[in-house]
Amino acid sequence: MENKNINILAIESSCDETAAAVVRNGREVFSNVISTQIDIHKKYGGVVPEVASRKHIENIDTVIKDALDEANVGIEDIDAVAVTYGPGLVGALLVGINTAKALAYAWEKPLIGVNHIEGHISANYIEDKTLEPPYMCLVVSGGHTHLVYVESYNKYEVMGRTRDDAAGEAYDKIARCLNLGYPGGPKVDKLAKSGNKDAIHFPRVMLKDDTLDFSFSGLKSSVLNYVNRSKQKGEEIVFADVAASFQEAVVDVLVNKAIKAAKIKNCKQVALAGGVASNSRLREVLKNECDKNNIKFYRPSPILCTDNAAMIGSCAYFKFLNKEFVGYDLNADPNLDI
Ligand code: KG4
Ligand code: ZN
């Protein structure tokens, strides 16, 4: 058993990406198929849950077939079926869960339920095969902003979290205000490159407080007020400067707290995870601060930052080793915590 390779078919459908992957031993990706619904939700300026569920139903069988074909593995080579069961949109999650249950039953394989946030963290094991706990992970996505101390592969301690908006949510809202479209994060990131980050001073909420929690709704209001006030006064608004100054305020707080948390735990490794982990400025500043503090910095490639099933397959492997299997009564848990 110890020497046997473990191949996991993983399924992810918590938001607007239908994804399936085959992952060996938690670190080797044989396939990672992602069918994104961005073009559909773009029209509405955000994800429409009912539409997302319907699209998952339409796509999931093909996505899974493609993942198996691309990996070139047969059913006999699969050791377990893993699926995200929360947090996320309930209807969207249920599509993945029910498909995973059906496959596990028909193929007589164990079923593994994975927490989406733990999945994001695990993307780092795929990117860097040498990374091992303990390390501090800053998880920043459209729905979550968590500072997580990863003590072992299956043991997490949340050191801080957002009290209101997630970092990605703030990016998306600012993008809407600047008419950049959905999803806003990558667009703000790009526009910010041509702006002056020191042009406008936006608040760094709770930066100096003792807490490792975050708050981004005040910053969001402050940017919206700035734009509205400037419009009323008939002043020219340099969108690139707004984007760069907003981004700097977000990055400042995120990086500061991540380093602070690492120091509290006397931890010499810091990792990034989640959609916002693709942000070029966040990667740059966190890397610099880690270097200054003699901390090793890890971050997944952009394709592993965004929602995908390979990260779910990685996380599931460590649960497989622990024999953490679930029954056919597995349900979606939209507010699942870590
Ligand atoms: O992890 P993810 O794909 O989905 C969730 O689990 O939420 O994260 C999506 C979020 C969106 O808010 C998107 O705008 C943001 O990640 N994002 C970015 C960048 N790329 C994606 N935010 C800032 N800069 C980026 N380059
Ligand atoms: Zn995600």
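So, how was this worked out
Residues numbered from 1 in each chain as written. Chains lettered and ligands numbered in written order. Predicted model: local features only at pLDDT ≥ 70, side-chain atom pairs only at ≥ 80, totals over all residues. Heavy atoms only, no water. Helix = DSSP H or I, 4+ residues; strand = E, 2+ residues; numbered from the N terminus. Expected span 1.5 Å × (residues − 1). Polar contact = N/O pair within 3.5 Å; in protein donor to acceptor, adjacent residues only side chain to side chain. Buried < 20%, exposed > 50% of the residue type's maximum accessible area, 1.4 Å probe, protein only. Pairing = 2+ DSSP bridges. Right-handed = clockwise from strand over helix to strand, strands pointing away.

K.L.:
Would you mind going over helix α9 (residues 280-292) in detail, with residue names and values included?
P.N.:
Its 13 residues place the ends of α9 19 Å apart at the C-alpha level, agreeing with the 18 Å of an ideal helix rising 1.5 Å per residue. For α9, the capping residue at the N-terminal end is N279, with a side-chain oxygen 3.2 Å from the backbone nitrogen of R281.

K.L.:
An account of the pairing of strand β9 (residues 269-273) is requested, with residue identities and associated values reported.
P.N.:
β9 sits mainly inside the fold: five of its five residues count as buried. Of the two faces of β9, the one holding Q269, A271 and A273 and the one holding V270 and L272 are both buried throughout. Relative to β9, strand β6 (residues 135-140) is paired through four bridges, and the arrangement is parallel. By the bridge assignment, L138 is partnered in β9 with L272. Bridge count for β9 against strand β10 (residues 296-298) is three bridges, and the pairing is parallel. Paired with A271 across the bridge in β10 is Y298. Handedness of the β-α-β unit built from β9, α9 and β10 comes out right-handed.

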